[in-house]
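Examination of the molecular architecture
These are the residues of each chain, in order.
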Amino acid sequence: MDILFYNWQHTLQPFGVDQVAAEKAFNRLVAAYSTPGRYYHTLKHIDHVLGTIEILQGYTNNLAAVQLAAWFHDVVYDTQAQDNEQKSADYAFELLSNLGIPESTITTVTRLILNTKDHQAAMDDYDSQVLLDADLAILATNLVQYPEYAHAIRQEYGWVAEADYITGRRQVLEQFLQRSRIYFTPLMSEFAERSARGNIQEEIQSLASGCGF
């Protein structure tokens, strides 16, 4: 938590945000990411995304906006809703406006958040590419972390019947496999693409067998 707070302060530092206001905003984010029903979309996920952005920061045009978008991209998360990204963008707009962040930066942040809905980015939209690659970095993790991720996602959809979940989850995973590439940045394409596809195929097979990971 201390590291996350440091990262939050460091991201806000160039904007001259009041320390008390920054801490209040951080506490709001912590509360939002700690709500019941979250098993994967927690502060641990945000920490992982921020860590990946740090690795990929050389590809960004506006690093601060990408980092801020990472903080807010899942701040509203309801597995029974279809407008989480829009609500998260609205949340970011309100909170960042209150902190006095420049309008141009907030506009970029909200655009980046909205792009996480379909995980698609234009060829020249490097900031979106970095955020999306960081958000999906979990797909390329090891044989311990990936099953933990898949299990946590299942827990978040605990209200869905097993057969319906298997059908829906397979559709989502197969859509990733049908893409020409999952990752946009050269680094992730080279070092993570193959692992992600292997993990996804393994999860699809486990879903088909009904045995899970």
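Residues numbered from 1 in each chain as written. Predicted model: local features only at pLDDT ≥ 70, side-chain atom pairs only at ≥ 80, totals over all residues. Heavy atoms only, no water.

**Some words on the overall build of the protein chain**
Looking only at helices and strands, one finds 11 helices and zero strands in the protein chain. Element order for the protein chain, N to C, with α for helix and β for strand: α-α-α-α-α-α-α-α-α-α-α. The globule rule puts the C-alpha radius of gyration for 213 residues at 17 Å, and the 17 Å found for the protein chain is close to it. Projecting the C-alpha coordinates of the protein chain onto the three principal axes gives extents of approximately 55 × 35 × 30 Å. (Helix = DSSP H or I, 4+ residues; strand = E, 2+ residues; numbered from the N terminus. Rg over C-alpha atoms; globule rule 2.2 N^0.38 Å.)

**Some points on the pattern of salt bridges**
Any two side chains of opposite charge can pair, given that their charged atoms come close. In this structure the tally under the stated criterion is eight salt bridges. A salt bridge links Asp83 to Lys87; its shortest N-O distance comes to 3.8 Å. Judged by relative accessible area, Asp83 falls into the partly exposed class, the value being 33%. Residue Arg111 pairs with Asp125 through a salt bridge whose shortest N-O separation is 2.7 Å. Of this pair, Arg111 sits in helix α6 (residues 103-114) while Asp125 is found in the loop between α6 and α7 (126-135), placing the two residues 14 residues apart along the sequence. Arg111 sits in the partly exposed class, given a relative accessible area of 35%. Given the relative accessible area of 13%, Asp125 is considered buried. (Salt bridge = Lys/Arg side-chain N within 4 Å of Asp/Glu carboxyl O. Buried < 20%, exposed > 50% of the residue type's maximum accessible area, 1.4 Å probe, protein only.)

**A word on the packing of helix α1 (residues 2-12) against helix α4 (residues 63-72)**
Contact geometry for α1 and α4: axes closest at 10 Å, N-to-C directions at 140 degrees. Considering their axes alone, α1 and α4 lie oblique with respect to each other. Regarding α1 and α4, the two cross each other, and that crossing is left-handed. Between α1 and α4, the contacting residues are Leu4, Asn7, Trp8, Thr11 and Leu12 on the first element and Ala64, Gln67, Leu68, Trp71 and Phe72 on the second. Classifying every residue of the contact of α1 with α4 by side-chain character gives seven nonpolar, three polar and no charged. (Axes fitted to C-alpha atoms, helices over the stretch in contact; angles between N-to-C directions. Parallel < 35°, antiparallel > 145°, perpendicular 65-115°, else oblique. Left-handed = near helix turned anticlockwise from the far one by under 90°. Contact = heavy atoms within 4.5 Å. Nonpolar A, V, L, I, M, F, W, Y, C, P; charged D, E, K, R; others polar.)

**What to know about helix α5 (residues 84-98)**
Spanning 15 residues, α5 covers 21 Å between terminal C-alpha atoms, matching the ideal 21 Å at 1.5 Å per step. All buried positions along α5 are accounted for by Asn84, Glu85, Ser88, Ala89, Tyr91, Ala92, Leu95 and Leu96. Here the buried residues of α5 occupy an arc of 160 degrees about the axis, which is enough to place them on one side. Buried residues along α5 sit against α1, α2 (19-33), α4 and α6. Backbone geometry just after α5 places Gly100 at a positive phi near 80 degrees. (Expected span 1.5 Å × (residues − 1). Arc of directions from axis to C-beta.)

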